[in-house]
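One-letter residues, chain by chain:
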Amino acid sequence: MPADPPELFAAEAGFLLALMLFELGRVSSGKAGRLRGMGRVEFLLAASRAGTPVVTLSTDEMAPEFSWDD
(Lines give C-alpha, C1' and ligand atoms only; values in the text may rest on other atoms or scores of the structure.)
Protein backbone atom coordinates (compact mmCIF):
# COMPACT_ATOMS: atom_id res chain seq x y z
CA MET A 1 0.00 0.00 0.00
CA PRO A 2 1.53 3.37 -1.00
CA ALA A 3 2.10 6.00 1.67
CA ASP A 4 -0.15 9.06 1.67
CA PRO A 5 1.54 12.22 0.42
CA PRO A 6 2.60 14.76 3.08
CA GLU A 7 0.17 17.31 1.62
CA LEU A 8 -2.73 15.05 2.58
CA PHE A 9 -1.56 14.91 6.19
CA ALA A 10 -1.02 18.67 6.25
CA ALA A 11 -4.56 19.30 4.95
CA GLU A 12 -6.04 16.89 7.49
CA ALA A 13 -4.04 18.42 10.34
CA GLY A 14 -5.18 21.90 9.32
CA PHE A 15 -8.81 20.80 9.25
CA LEU A 16 -8.51 19.10 12.64
CA LEU A 17 -6.94 22.22 14.14
CA ALA A 18 -9.75 24.42 12.80
CA LEU A 19 -12.28 21.85 14.04
CA MET A 20 -10.77 21.83 17.53
CA LEU A 21 -10.75 25.63 17.70
CA PHE A 22 -14.42 25.60 16.66
CA GLU A 23 -15.29 22.93 19.25
CA LEU A 24 -13.57 24.94 21.98
CA GLY A 25 -15.51 28.04 20.98
CA ARG A 26 -12.33 29.91 20.10
CA VAL A 27 -13.47 30.61 16.52
CA SER A 28 -16.83 30.73 14.76
CA SER A 29 -17.78 28.22 12.11
CA GLY A 30 -17.25 30.89 9.47
CA LYS A 31 -13.75 31.70 10.70
CA ALA A 32 -12.86 28.01 11.00
CA GLY A 33 -14.00 27.53 7.43
CA ARG A 34 -11.96 30.50 6.23
CA LEU A 35 -8.90 29.06 7.99
CA ARG A 36 -9.31 26.01 5.73
CA GLY A 37 -10.34 27.85 2.57
CA MET A 38 -13.93 26.64 2.95
CA GLY A 39 -17.24 28.38 3.26
CA ARG A 40 -19.16 28.26 6.54
CA VAL A 41 -21.69 25.69 5.35
CA GLU A 42 -18.99 23.52 3.79
CA PHE A 43 -17.07 23.58 7.08
CA LEU A 44 -20.19 22.73 9.12
CA LEU A 45 -20.98 19.79 6.83
CA ALA A 46 -17.39 18.52 7.12
CA ALA A 47 -17.47 18.99 10.91
CA SER A 48 -20.70 17.00 11.10
CA ARG A 49 -19.21 14.21 8.97
CA ALA A 50 -16.24 14.19 11.38
CA GLY A 51 -18.68 13.57 14.26
CA THR A 52 -18.62 17.06 15.77
CA PRO A 53 -21.97 18.46 16.87
CA VAL A 54 -22.51 21.71 15.01
CA VAL A 55 -25.45 22.88 17.11
CA THR A 56 -25.35 22.84 20.88
CA LEU A 57 -28.64 23.63 22.54
CA SER A 58 -29.56 23.21 26.17
CA THR A 59 -32.73 21.32 27.06
CA ASP A 60 -34.49 24.64 27.69
CA GLU A 61 -33.40 25.98 24.30
CA MET A 62 -34.38 22.78 22.53
CA ALA A 63 -37.95 22.53 23.86
CA PRO A 64 -39.34 25.42 21.79
CA GLU A 65 -37.60 24.11 18.68
CA PHE A 66 -39.58 20.86 18.88
CA SER A 67 -42.82 22.32 20.15
CA TRP A 68 -46.01 22.11 18.12
CA ASP A 69 -47.30 25.37 19.68
CA ASP A 70 -46.50 27.68 16.75
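What comes next is a walk through the structure. Nothing here was measured: the structure is a model prediction, and the numbers come from that model.

### Description of the packing of aromatic side chains
The full count for this structure, using the stated rule, is two aromatic pairs. Between the aromatic rings of Phe-22 and Phe-43, the centroid separation amounts to 5.6 Å while the plane-to-plane angle is 85 degrees, which identifies the pairing as edge-to-face. Here Phe-43 lies in helix 3 (residues 40–49) and Phe-22 lies in helix 1 (residues 6–23), a separation of 21 residues in the sequence. Note on Phe-22: relative accessible area 15%, which makes it buried.

### Here we look at the packing of helix 1 against helix 3
At their nearest, the axes of helix 1 and helix 3 sit 11 Å apart, and the two run at 90 degrees to each other. One finds that helix 1 runs roughly perpendicular with respect to helix 3. On helix 3, the residues touching Phe-15, Ala-18, Leu-19 and Phe-22 of helix 1 are Phe-43, Leu-44, Ala-46 and Ala-47. A per-class count over the contact of helix 1 with helix 3 returns eight nonpolar, no polar and no charged.

Rules of the game
Residues numbered from 1 in each chain as written. Predicted model: local features only at pLDDT ≥ 70, side-chain atom pairs only at ≥ 80, totals over all residues. Heavy atoms only, no water. Phe/Tyr/Trp six-rings, centres within 6.5 Å; stacked < 30°, edge-to-face > 60°. Helix = DSSP H or I, 4+ residues; strand = E, 2+ residues; numbered from the N terminus. Buried < 20%, exposed > 50% of the residue type's maximum accessible area, 1.4 Å probe, protein only. Axes fitted to C-alpha atoms, helices over the stretch in contact; angles between N-to-C directions. Parallel < 35°, antiparallel > 145°, perpendicular 65-115°, else oblique. Contact = heavy atoms within 4.5 Å. Nonpolar A, V, L, I, M, F, W, Y, C, P; charged D, E, K, R; others polar.

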